[in-house]
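Take a look at the letters that make up each chain.
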Amino acid sequence: MKIRIDEQVYEGTATEILEQLRLETFDPAEFPDTESYLWQLRSNFIQATDLECDLPEGGLETQARAMFANLAKFGALEVLADG
C-alpha cells in the first residue's frame, strides 16, 4: 500500500503505515500500540465529519485499510497504490 498525506508518502502494509503515523504523533507514548492509534483516528474521524466510521471484523490490517479508505473519501489522504 502507498498513501500520501500532504507532501509525505508512506509505503508498506496498512498496519506498517499506521505504525509509522503513530510514531510521528506528538507523543507516541499516548498510544501504546497501533490498534489504540487506529481507534483514536476513528474517533477523530467521527468527530470531524459527524459520520459513522464502521470498521470491519477481522485483523488490524483489514481495519487499517478500511480506515485509510474512509480518510481518502474525505480528502484527508490519497491512496496511491492499494496492492
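Undergrad: Please set out the sheet that holds strand β2 (residues 8-11) residue by residue, giving values where relevant.
TA: Strand order across the open sheet formed by 3 strands is β2-β1-β3, with antiparallel pairing between neighbours. The sheet is open, and its two edges are formed by β2 and β3 (78-81), each paired on a single side. Neighbour to neighbour, the strand axes of the sheet diverge by 25° on average, direction disregarded. When strand β1 (residues 2-5) meets β2, the two strands line up antiparallel, connected through 4 bridges. From the neighbouring strand, Arg-4 faces β2, where its bridge partner is Val-9. The sheet strands contacting helix α1 (residues 14-23) are β1 and β2, and the helix crosses β2 at an angle near 135°.

Parameters and conventions
Residues numbered from 1 in each chain as written. Predicted model: local features only at pLDDT ≥ 70, side-chain atom pairs only at ≥ 80, totals over all residues. Heavy atoms only, no water. Pairing = 2+ DSSP bridges. Helix = DSSP H or I, 4+ residues; strand = E, 2+ residues; numbered from the N terminus. Axes fitted to C-alpha atoms, helices over the stretch in contact; angles between N-to-C directions. Contact = heavy atoms within 4.5 Å.

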